[in-house]
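For reference, the chains in residue letters:
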Amino acid sequence: YIPGRMLETLGPEALRLNMNNLLLRYNPALVRELCKRGEVSEEEALGAQGYSDTSHTKAEEAERQQARQVAQQFYISYITLSTFDTTGKFQAGMTRLKIWDLEALHNTV
C-alpha cells in the first residue's frame, strides 16, 4: 500500500530533481565537469557557480555531508519505488543523464 501511494504522489522527476539539486551543493565540481562534457546544460549547471569546491569551515563541511546524505536517502527511495513501478518510468530514469551522481550514489548505497 505505501509504495503505491508514494508512486502516486512522488514522480521520478521530482526525486531526480532533488538529487541533482543537492549535488550542486555537495559536489559542484562534478556538475561543472558534466557541463563541460555536454552532459548537463549550462542552465542546469548555473547553480554550481555559487558553490566552492572546498569547504572552508566545519559548518560548510557538515552542510555538504548533510546534502550528500539527503541525496542518498532520495536515491534509496528512488530505487525502492522503481521496483514497484509498473510503468517503467523510474527504471528508464536511472541514467547518468537523468541522475547526475548516479555512479557515486549507487556505489555508496
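My aim in this report is to walk through the structure given alongside it, one point at a time. These numbers come from a predicted model, not from an experiment.

1. Structural notes on helix α2 (residues 12-26)
Across its 15 residues, α2 extends 21 Å between first and last C-alpha, which sits within 8% of the 21 Å expected from 1.5 Å per residue. Among the residues of α2, those classed as buried are Pro12, Leu15, Arg16, Met19, Asn20, Leu22, Leu23, Leu24, Arg25 and Tyr26. Along its buried surface, α2 packs onto α3 (28-36), α4 (42-45), α5 (58-84), α6 (89-92) and α7 (102-108).

2. Observations regarding the packing of α2 against α3
One can describe the packing of α2 onto α3 by two numbers: an axis separation of 5 Å at closest approach and a directional angle of 110°. Here α2 is positioned roughly perpendicular relative to α3, judged by the angle of their axes. Touching Leu23, Leu24, Arg25 and Tyr26 of α2 are Pro28, Leu30 and Val31, all from α3. Partitioned by chemical class, the residues of the contact of α2 with α3 number six nonpolar, no polar and one charged.

Rules used throughout
- Residues numbered from 1 in each chain as written.
- Predicted model: local features only at pLDDT ≥ 70, side-chain atom pairs only at ≥ 80, totals over all residues.
- Heavy atoms only, no water.
- Helix = DSSP H or I, 4+ residues; strand = E, 2+ residues; numbered from the N terminus.
- Expected span 1.5 Å × (residues − 1).
- Buried < 20%, exposed > 50% of the residue type's maximum accessible area, 1.4 Å probe, protein only.
- Contact = heavy atoms within 4.5 Å.
- Axes fitted to C-alpha atoms, helices over the stretch in contact; angles between N-to-C directions.
- Parallel < 35°, antiparallel > 145°, perpendicular 65-115°, else oblique.
- Nonpolar A, V, L, I, M, F, W, Y, C, P; charged D, E, K, R; others polar.

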